[in-house]
Amino acid sequence: MLHYDRPMADVPQVLGAYDERFTAVREAVENNFRQHGEVGAAVAIELDGRPVVDIWAGWADQERTRPWRKDTLVNVFSVGKAMAALCVLMLVERGQVELDAPVSRYWPEFAGHGKQDVTVRMVLAHRAGLPAIRRSLPGRAMCDWELMVTSLAEERPWWEPGSMHGYHVNTFGFLTGEIVWRVSGETIGAFFRREVAEPLSADFHFGIGPEHDARIADYSFGTETTPPGEANRTSQPLDEARRFLLSRVYMNPAGLSGLGTVNTREWRAAEIPSTNGHGTARATARIYSALAAGGAVDGVRLLQADTLQQAVGEASSGPDFVLGRPSRFGLGFQLTQPERPLGPNPAGFGHFGVGGSLGFADPDAGLAFGYVMNRFGSRWQNPRNRSLIDAVYACL
């Protein structure tokens with residue numbers, strides 16, 4: 001690895017190490033600060049199980065008083081959805097969960113209100129019809145696991161389960177996490193830590209204690225005032241019913257999507273797997289390194305190759321009922337699509353996080369990628385992560 005420590009006048013110093021072959025990635029990081037308003041960020045890449053990029057730059061706070069360090073953690077939002085799905089898939093592989101079994105086999109209370117035929121596969125593929133809770137919840141209810149899963153069990157589907165797909169923006173983690181809890185007897189945070197994070201020495205967490213606060217970067221939504229549901233979609237007109245759906249998807253309860261809550265101790269301590277995973281780029285790339293290699297890296301196996309193959313096969317594609325634009329999913333993973341590619345190869349899979357964070361695997365290239373940052377950017381087609389992806393493949 002080649003260490004880089006040359007300061008530049010118009011961008012923060014890029015620290016860490018990278019293979020000289022990937023100089024363009026370092027340059028893309030610099031350009032994100034210069035042209036796209038980056039405040040703090042880290043990028044990590046593994047190729048065939050070997051680290052080739054591990055760099056970071058900038059600040060862990062918007063006031064620019066705390067430098068981003070090698071072990072800086074940050075909220076990565078929906079990057080955590082794939083990690084939550086991985087936990088369910090591990091239980092599937094062990095025969096403790098069946099993909100086509102009704103969720104109510106493991107969570108009996110879930111069967112009511114027309115959900116008796118909702119399967120685990122539907123949940124993982126965003127086809128369960130439960131992207132939101134209709135009744136108004138008290139503020140910060142997302143930090144109360146029992147209240148959230150009880151409310152989901154009492155909810156009726158917004159569409160006929162299985163008939164179409166719609167991104168379960170904030171409910172996905174509670175649905176998958178409750179399956180993990182009912183089957184394993186562990187919270188999803190504890191299960192993920194024991195089964196994934198610790199074996200891979202991956203610094204990624206669902207629920208994190210105050211002893212880590214000094215190394216957690218503050219996340220900024222900046223001056224965004226547009227409701228998240230509208231900012232995340234195309235320019236289709238919103239009728240009253242759709243506006244109600246989107247308000248419930250993103251803002252019931254208040255603070256559900258992280259606005260006004262993301263930097264609080266209560267948010268960090270809670271397990272909100274769709275939204276509040278905290279990790280490093282290095283940890284994200286490490287987990288995807290195992291998946292890029294068929295499920296295992298350095299003797300640590302997360303999944304068998306056939307289970308992984310099922311998980312990254314197309315399960316949902318086309319118009320997304322919630323997002324109002326095309327989306328494409330496997331079982332818990334976003335799949336590459338022309339509108340938002342995960343590199344040029346057809347087998348790329350991973351998950352974006354709000355504002356730009358990203359983790360993905362490209363099995364064809366043997367590549368795993370992690371990018372984390374702390375300043376909100378475009379939700380859909382983000383120039384920062386796109387420039388990094390383009391730089392990576394220019395180096396191969």
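From a predicted model like this one, the values you see are computed outputs, not experimental measurements. Sequence positions are assigned chain by chain, starting from 1 and proceeding in written order. Local features in a predicted model are, by the rule used here, given only for residues with pLDDT of at least 70; side-chain atom pairs are given and counted only at 80 or more, and totals for whole chains, interfaces and linings are based on all residues. Each side-chain value is derived from all of the structure's non-hydrogen atoms; neither hydrogens nor water enter the calculation.

Draft legend 1. Examining helix H10 (residues 281-292) more closely. Each helix is a run of DSSP H or I of at least 4 residues and each strand a run of E of at least 2, with the numbering of both proceeding from the N terminus. Working rule for helices: expected span equals 1.5 Å times residues minus one. The terminal C-alpha atoms of H10 lie 16 Å apart, and with 12 residues this matches the ideal 16 Å at 1.5 Å per residue to within 8%. Summarising burial for H10: 11 of the 12 residues are buried, a large majority. Glycine 294 lies just past H10 and shows a positive phi near 90°. The rule is simple: take the accessible area with a 1.4 Å probe, protein chains only, and divide by the maximum for that residue type; under 20% is buried, over 50% is exposed, in between is partly exposed.

Draft legend 2. Representation of the packing of aromatic side chains. Pairing of aromatic rings covers Phe, Tyr and Trp, the last through its six-membered ring, and needs centres within 6.5 Å; plane angles under 30 degrees mean stacked, over 60 mean edge-to-face, and all others mean tilted. As enumerated under the stated definition, the model contains 15 aromatic pairs in all. Measuring from ring centre to ring centre gives 6.0 Å for tryptophan 158 and phenylalanine 244, while their planes differ by 35°; the resulting arrangement is tilted. Residue tryptophan 158 is located in the loop between helix H4 (145-153) and helix H5 (172-184), and its partner phenylalanine 244 is located in helix H8 (residues 240-251); the two are separated by 86 residues in the primary sequence. The exposure class of tryptophan 158 is buried, given its relative accessible area of 18%. When the ring of tryptophan 159 is compared with that of phenylalanine 321, the centres are 5.2 Å apart and the planes differ by 65°; the resulting orientation is edge-to-face. Taken together, the residues span a long stretch of sequence, with tryptophan 159 in the loop between H4 and H5 and phenylalanine 321 in the loop between strand E10 (316-319) and strand E11 (326-329) at a distance of 162 residues. Overall, the relative accessible area of 6% leaves tryptophan 159 in the buried class. Accessibility expressed as a relative area gives 32% for phenylalanine 321, which makes it partly exposed. Taken together, Phe77, Tyr219, Phe221 and Phe376 form an aromatic cluster joined through their ring pairs. Seen from the ring of phenylalanine 110, lysine 115 lies directly overhead, with NZ or CZ sitting 5.2 Å from the centre. We call a charge positioned over a ring when the NZ of a Lys or the CZ of an Arg lies within 6 Å of the ring centre and within 35 degrees of the ring normal.

Draft legend 3. Main features of the nonpolar core. By nonpolar core is meant a set of buried Ala, Val, Leu, Ile, Met, Phe, Trp, Tyr and Cys residues that side-chain atoms within 4.5 Å join together. With 119 residues, the main nonpolar core has Val43, Ile287, Leu302 and Phe369 as its most contacted residues. The leading source of residues in this core is helix H2 (residues 79-93), at 12 residues.

Draft legend 4. Just the pattern of salt bridges, in detail. Between Lys or Arg on one side and Asp or Glu on the other, a salt bridge is scored when a side-chain nitrogen of the former is within 4 Å of a carboxyl oxygen of the latter. Under the definition given, this model contains 23 salt bridges. Two residues, aspartate 19 and arginine 50, come together in a salt bridge whose shortest N-O distance is 3.9 Å. One end of the pair, aspartate 19, is in the loop between strand E2 (15-18) and helix H1 (23-36); the other, arginine 50, is in strand E4 (residues 50-58), and 31 residues separate them in sequence. What makes aspartate 19 partly exposed here is its relative accessible area of 22%. A relative accessible area of 45% places arginine 50 in the partly exposed class. For glutamate 314, the salt bridge is made with arginine 328, and the minimal N-O distance between the two is 2.6 Å. With glutamate 314 in the loop between helix H11 (305-311) and E10 and arginine 328 in strand E11, this residue pair connects regions lying 14 residues apart in the sequence. Here the salt bridges share partners, and the residues they tie into one network are Arg66, Asp213, Asp218, Arg265 and Arg268.

Remember, this is a structural readout, not a statement about activity or role.
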